[in-house]
Amino acid sequence: MDEMKAPSEKSIPTAVAAVSRKGILPLLLTFITDRLTPARTPYTLADLLQAELPGYQDIRFYADMPGTDLPAYRHHFLPSVSGADGRASWLVLSSGGVGGAFGAGVLTGWSKRGDRPRFDLVTGVSAGALISPFAFIGAAADRELAHLFINASVTKLNQRRSLLTEIFGQSAIPAKPLRALIDAHIDAKLTEKIAIRHRTGARLLVVTTNLDAQRSMVWDIGAIAASGQPDRLRLIGDILEASASIPAIFPPIRIGVSANGMDFEELHADGGAIRQVYMLPDAFYVDPDLEGVCPDIYVIVNAELAPSFQVIPQQSVSIVERAMSSLEKASASRGIARLAAFARQNRATFRLAYIDRTLPIDRRLPFDPDYMQRSFALGQSQGRAGAWEFGPPIGTSLLEER
């Protein structure tokens, strides 16, 4: 009977230590990781620089392209349409994860107010990418937009993997629920509406992070929709999913490309991994030429911007989470300040909406449905009231978490 006893608590770490000393543990961890992560086709930097999607041409560019490339891509990143008075309406939608419900609320509330413009340029990063197709179509897509963030199906995003898969696999949450949510709302009819607007000169741009290149990739969603390619709907879904795939929460997305006679896959993930907001290529800010167009620029940030006060436990997970939150706020504020300066320089108007208070959230859930309902309601209130700021907060008034 003694031989059948369960090992004591002390014997387990002793056994692990023994396995480690024999060099078996690293092999075991490698074996587990190999089984939980799919293999990739190796390729070179030369291949990356020549990579194109089969059947498509000129549907993407890097946000940090050199200034010499701007003329060739100008018709992609600048709309060729504006209002009768020569002014255009541009909308910039930030990252923010679960806070994307706020942006959806602002737009639907703005529609109810009755003075929401039809946007000539819409850009989206991460959560903003999911909002962007509906914002581009206009108020007619508000119902779908609201359902995307506050429908009961959103709770399926909180499905967790096993602890072993979370640690050694690609993500904490499987990809299927997010993709199912996207596919349920981005259909052939919506894609055709995007294509029609693109043909008039309006532009819809979504940002992903090319993990292999460590660069922000900007995708011309309208050009893809108008391409006529049979897989255009799937590709748009891939791009939106990639842009919203928060690292370690959702797995990155493989996008098949070809170069130098070989096929391989790039790995794309959350656009917010590099930048929280995107409006124009980096090089364009150095010497902007809008050819007389004076845009009205609206920026919706799906997150808090003001610093917040909270006594943080001296625990590794809490410290990392707090540091990342601080980094994201600082990055977003810098990006927004740049957009505001661009607006002043080009005699454009600038308006900003963001989550201006701390809302209760259950941090055990990656996508807390109650938080999403509250942030949606806050956004609707701001949209109805036309409550816009003229720049990011400067940190003199801290929010307090309760």
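Residues numbered from 1 in each chain as written. Predicted model: local features only at pLDDT ≥ 70, side-chain atom pairs only at ≥ 80, totals over all residues. Heavy atoms only, no water.

Novice: I'd like a description of the overall build of the chain, backed by residues and values.
Specialist: Scanning the chain from terminus to terminus reveals 14 helices and 11 strands. Looking at the 402 residues of the chain, the share that counts as buried comes to 48%. (Helix = DSSP H or I, 4+ residues; strand = E, 2+ residues; numbered from the N terminus. Buried < 20%, exposed > 50% of the residue type's maximum accessible area, 1.4 Å probe, protein only.)

Novice: Kindly report on the environment of Asp220, identifying the contributing residues and their values.
Specialist: Turning to its location among the elements, Asp220 is positioned in strand E5 (residues 215–220). Contacts of Asp220, omitting those with residues within four sequence positions, involve Ile59, His76, His198, Arg203, Leu204 and Leu205. In terms of polar contacts, Asp220 uses its side chain to reach the backbone amide nitrogen of Ala223, at 3.1 Å. (Contact = heavy atoms within 4.5 Å. Polar contact = N/O pair within 3.5 Å; in protein donor to acceptor, adjacent residues only side chain to side chain.)

Novice: Account for the pairing of strand E3 (residues 121–125), with residues named and values stated.
Specialist: E3 sits mainly inside the fold: five of its five residues count as buried. In E3, alternate side chains face the same way, and those of Leu121, Thr123 and Val125 on one face and Val122 and Gly124 on the other are all buried. Relative to E3, strand E2 (residues 89–93) is paired through four bridges, and the arrangement is parallel. From the neighbouring strand, Val92 faces E3, where its bridge partner is Thr123. After leaving E2, the chain enters helix H5 (residues 100–113) and then returns to the sheet as E3, a path that is right-handed. Bridge count between E3 and strand E4 (residues 203–210): five bridges; the pairing is parallel. Counted as the bridge partner of Thr123 is Leu205 from E4. (Pairing = 2+ DSSP bridges. Right-handed = clockwise from strand over helix to strand, strands pointing away.)

Novice: Report on the pattern of salt bridges, specifying residues and quantitative values.
Specialist: Between side chains of opposite charge, pairing is possible as soon as their charged atoms come close. Tallying each qualifying case throughout the model produces 18 salt bridges. Arg113 is the partner of Asp115 in a salt bridge, and the nearest nitrogen-oxygen pair spans 3.0 Å. Take Asp115: its relative accessible area is 43%, and that puts it in the partly exposed class. Salt-bridge contacts for Arg234 lead to Asp231; the nearest nitrogen and oxygen are separated by 2.9 Å. Under the relative-accessibility criterion, Asp231 is labelled partly exposed at 26%. Linked by salt bridges that have partners in common, Arg179, Asp183, Asp231, Arg234, Asp238 and Glu241 make up one network. (Salt bridge = Lys/Arg side-chain N within 4 Å of Asp/Glu carboxyl O.)

Novice: Kindly report on the side chain of Asp142, identifying the contributing residues and their values.
Specialist: Relative to the assigned elements, Asp142 resides in helix H7 (residues 142–150). Side-chain polar atoms of Asp142 contact the side chain of Ser111, separated by 2.6 Å. When neighbours within four sequence positions are excluded, Asp142 is seen to be in contact with Leu107, Thr108, Ser111 and Arg116.

Novice: Give a detailed account of the confidence of the model for the chain, specifying residues and quantitative values.
Specialist: Caution applies to low-pLDDT regions: their predicted coordinates should not be interpreted in detail. Scored by pLDDT, the chain comes out at a mean of 85, with 82% of its residues at no less than 70. Contacts from residues 25–36, a stretch scored under 50 in pLDDT, to residues over four places away or in other chains number 11 contacts. (pLDDT = per-residue confidence, 0-100.)

Novice: How would you explain the nonpolar core if you had to name every residue and give the values?
Specialist: Taken as a class, soluble globular proteins show a tendency for nonpolar side chains to be buried jointly. One finds Leu91, Leu107, Phe149, Trp219 and Ile224 to be the most contacted residues of the largest nonpolar core, which totals 69 residues. Ranked by residues supplied to this core, first place goes to helix H6 (residues 127–137) with seven residues. The next biggest cluster of nonpolar side chains, apart from the first, holds 36 residues, and it includes Val207, Tyr278, Ala332 and Ala343. (Core = buried A, V, L, I, M, F, W, Y, C linked by side-chain atoms within 4.5 Å.)

Novice: Lay out H7 in plain terms, naming residues and giving numbers.
Specialist: Residues of H7 that are buried: Asp142, Leu145, Ala146, Leu148 and Phe149. Looking straight down H7, one finds its buried side chains confined to an arc of 155°; they lie on one side. Packing partners of the buried residues in H7 comprise H5, H6, helix H9 (176–185) and helix H14 (369–385). (Arc of directions from axis to C-beta.)

Novice: So what's going on with unusual backbone geometry? Residues and values would help.
Specialist: For Asp58, which is not glycine, the phi dihedral falls at a positive 55°. In this structure, Asp58 sits in the loop between helix H3 (45–50) and strand E1 (60–62).

Novice: Explain the packing of H6 against H7 to me, using residue names and the numbers behind them.
Specialist: When two helices pack together, you describe them by how their axes are tilted relative to each other and by the distance separating the axes. Relative to each other, H6 and H7 sit at 155°, their axes nearing to 9 Å. Judged by the angle between their axes, H6 and H7 are roughly antiparallel. As for the relative orientation of H6 and H7, their crossing is right-handed in sense. Between H6 and H7, the contacting residues are Ala127, Leu130, Ile131 and Phe134 on the first element and Glu144, Leu145, Leu148 and Phe149 on the second. Looking at side-chain class alone, the contact of H6 with H7 contains seven nonpolar, no polar and one charged residues. (Axes fitted to C-alpha atoms, helices over the stretch in contact; angles between N-to-C directions. Parallel < 35°, antiparallel > 145°, perpendicular 65-115°, else oblique. Left-handed = near helix turned anticlockwise from the far one by under 90°. Nonpolar A, V, L, I, M, F, W, Y, C, P; charged D, E, K, R; others polar.)

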